[in-house]
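Architecture at a glance
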Amino acid sequence: MIKIAILGYGTIGSGVVEVLQTNKESIAKRAGDEIEVKYILDLRDFPGDPMEDKVVHDYDIIANDDEIQVVVEAMGGVEPAYTFVKRALLAGKNVTTSNKALVAKHGAELLAIAKEKEINFLFEASVGGGIPIIRPLNSSLTADEIEEITGILNGTTNYMLSKMTFEGLEFDDVLKDAQSRGYAEADPTADIEGYDACRKIAILTSLVCGQQVDFEEIYTEGITKITATDIKYAKAMGRVIKLLATSKKVGDSYYAMVAPFMLSQQHPLFSVNDVFNAIFVHGNVLGDAMFYGSGAGKLPTASAVVADIVDIAKHLHRNIMISWSSKKLNLIDCKKAESRFFVRATDSEADVTSVFGDVEIIKVPEITGEVGFLTGAMSEEEFENKSAGLKNMLQRIRVE
Ligand code: HSE
């Protein structure tokens, strides 16, 4: 019997209990042993819940119990999750977490402790919810130099942009809808400002380069400035607007960025809609690969957490090497990144041409009093310099 403790009995923690119950026998077969939830740590009580008797309010009970071999961290946020996880690892307990904030900030240190102690710190659910991406990057794709990872890594904003596209709604209306469905939180900042996707691409980039990528250094732009008018232009061009988190190798380093992009129908992420996530990976020998599926939500995320528990059970007292050192990777300034840009401005077409040279004017019959156009390919820096010559730029969105 492998005894586990779950920290946090919210959406993910209760999902882990549900998955362990639903697939009890097959999980035991695959893990080579039964998994038993011995404790659930939460500030609240859960009267009437079948797990009511397992609930404890004091972390010391878990930390000091030698029977606990696995700690499942499902609290979210950096503290007290970091303190609890570090203490568990130092006490020789394996940990799995779905917490991207914790992994992005302290992943390298926690992995080093796990290695030192010959145990495991696993975090498959921290990126892409139920989609396998951490394990593939750490095992199946290790023959490659990963030259690009580009993902739709946030289900909430993908749902919102899909709804704006299909129903022509404004940002504020789809945000209310996403909140009423429980996709967006009461404070939606982390999703809509791109911070959630930023931490996820920081984790993926750290894994492929084997060094620490500081999420604070990733250029991050959310979707709050995207309007129904932008979506009309995108439709007129046969494109969609998606929040991409991307990381591309240039020489020995990477540049990374989170921002809305206009994608053509040929782009592999064009058809990824609603709350789904997808991750496009390009390796120098593999070529292209895509990972697609349920990127958020109770059971998909719990599925990845429980798969980590099974992996831990299969590797008790044996560390699964994950190459991610605390040595910092100096990201390349994304001002050097090149793309085309879609721009809306109230300047005249003649003024636009004198600033950018030849551009592709996009006509949407019902939109008047402004000009929408596509520039040629240029660096971020060049775009910034040139666009300063416009009198009144209303919008600019990168184009892939
Ligand atoms: N808020 C996140 C999302 C949850 O919408 O994708 C999963 O990390």
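Source: prediction; values computed, not measured.

1. Overview of helix α12 (residues 298-314)
- End to end, α12 covers 24 Å across 17 residues, agreeing with the expected 24 Å (1.5 Å per residue, within 8%).
- Three or more residues of α12 are buried, namely T301, A302, A304, V305, V306, D308, I309, V310, D311, I312 and A313.

2. What about the pattern of salt bridges?
- A complete count under the given rule lists 29 salt bridges for this structure.
- One network of salt bridges, with partners in common, ties together K3, K38, D65 and E67.

3. With respect to the pairing of strand β7 (residues 146-152)
- With 6 of 7 residues buried, β7 is to be regarded as a mostly interior element.
- Direction of pairing for β7 relative to strand β11 (residues 276-283): antiparallel, over a ladder of 6 bridges. From the neighbouring strand, I149 faces β11, where its bridge partner is V281.
- Relative to strand β9 (residues 240-250), β7 runs antiparallel, the two sharing 4 bridges. Its bridge partner being in β9, I149 is matched across the sheet by S247.

4. Looking at the sheet that holds strand β3 (residues 55-56)
- The strand order β3-β2-β1-β4-β5-β6 describes an open sheet built from 6 strands, whose pairing is parallel. Two strands lie at the open edges of the sheet, namely β3 and β6 (121-122), each paired on one side alone.
- The pairing of strand β5 (residues 94-97) with β6 spans 2 bridges and is parallel. Its bridge partner being in β6, T96 is matched across the sheet by L122.

5. Some remarks on unusual backbone geometry
- Looking along the chain, the bond that leaves E79 and enters P80 is cis, with omega of 5°.
- Along the polypeptide, P80 turns up in the loop between β4 (68-73) and α4 (81-90).
- With a phi angle near 60°, E118 is a residue other than glycine that sits in the positive phi range.
- The topology assignment puts E118 in the loop between α5 (100-117) and β6.
- Assessed through its relative accessible area of 40%, E118 is described here as partly exposed.

6. As for the domain arrangement of the protein
- Domain parsing of the protein yields domain 1 (2-130 + 298-314), domain 2 (136-294) and domain 3 (337-399).
- A separation of 49 Å is found between the C-alpha centroids of domain 1 and domain 3.

7. Examining the site of the ligand
- Near the ligand you find K100, N154, G155, T156, D191, D196, K200 and A296, and these make up its full shell.
- At 2.9 Å from a nitrogen atom of the ligand is found a side-chain nitrogen or oxygen belonging to D191.
- Breaking the shell around the ligand down by element, the ones donating at least two residues are α7 (155-167) and α10 (195-209).
- Residues of the shell around the ligand, tallied by class, amount to 1 nonpolar, 3 polar and 4 charged.

8. Description of the environment of D351
- Looking at the element boundaries, D351 is found in helix α13 (residues 349-356).
- Classification of D351 as partly exposed rests on a relative accessible area of 28%.
- Sequence-wise, D351 and G389 are 38 residues apart; in three dimensions their C-alpha atoms are separated by 8.9 Å.

9. Structural notes on the packing of aromatic side chains
- Under the defined criterion, the tally for this structure stands at 10 aromatic pairs.
- With 4.8 Å between their ring centres and 85° between their planes, Y9 and F46 make a pair best called edge-to-face. You can see Y9 sitting in the loop between β1 (2-7) and α1 (11-22) and its partner F46 sitting in the loop between β2 (35-41) and β3, a full 37 residues away along the chain. Of the two residues, Y9 and F46, neither departs from the other in class, the shared state being buried.
- When the centroid spacing of 5.2 Å and the interplanar angle of 15° are considered together, the rings of F276 and Y292 count as stacked. Taken together, the residues span a long stretch of sequence, with F276 in strand β11 and Y292 in strand β12 (residues 287-294) at a distance of 16 residues.
- On the basis of relative accessible area, Y292 is assigned to the partly exposed category, the value being 47%.
- The cationic tip of R199 hangs over the ring face of F215; the distance from NZ or CZ to the ring centre is 3.9 Å.

Rules of the game
Residues numbered from 1 in each chain as written. Predicted model: local features only at pLDDT ≥ 70, side-chain atom pairs only at ≥ 80, totals over all residues. Heavy atoms only, no water. Helix = DSSP H or I, 4+ residues; strand = E, 2+ residues; numbered from the N terminus. Expected span 1.5 Å × (residues − 1). Buried < 20%, exposed > 50% of the residue type's maximum accessible area, 1.4 Å probe, protein only. Salt bridge = Lys/Arg side-chain N within 4 Å of Asp/Glu carboxyl O. Pairing = 2+ DSSP bridges. Domains from an automatic or database assignment. Near = heavy atom within 4 Å. Polar contact = N/O pair within 3.5 Å; in protein donor to acceptor, adjacent residues only side chain to side chain. Nonpolar A, V, L, I, M, F, W, Y, C, P; charged D, E, K, R; others polar. Phe/Tyr/Trp six-rings, centres within 6.5 Å; stacked < 30°, edge-to-face > 60°. Lys NZ or Arg CZ within 6 Å of the ring centre and 35° of its normal.

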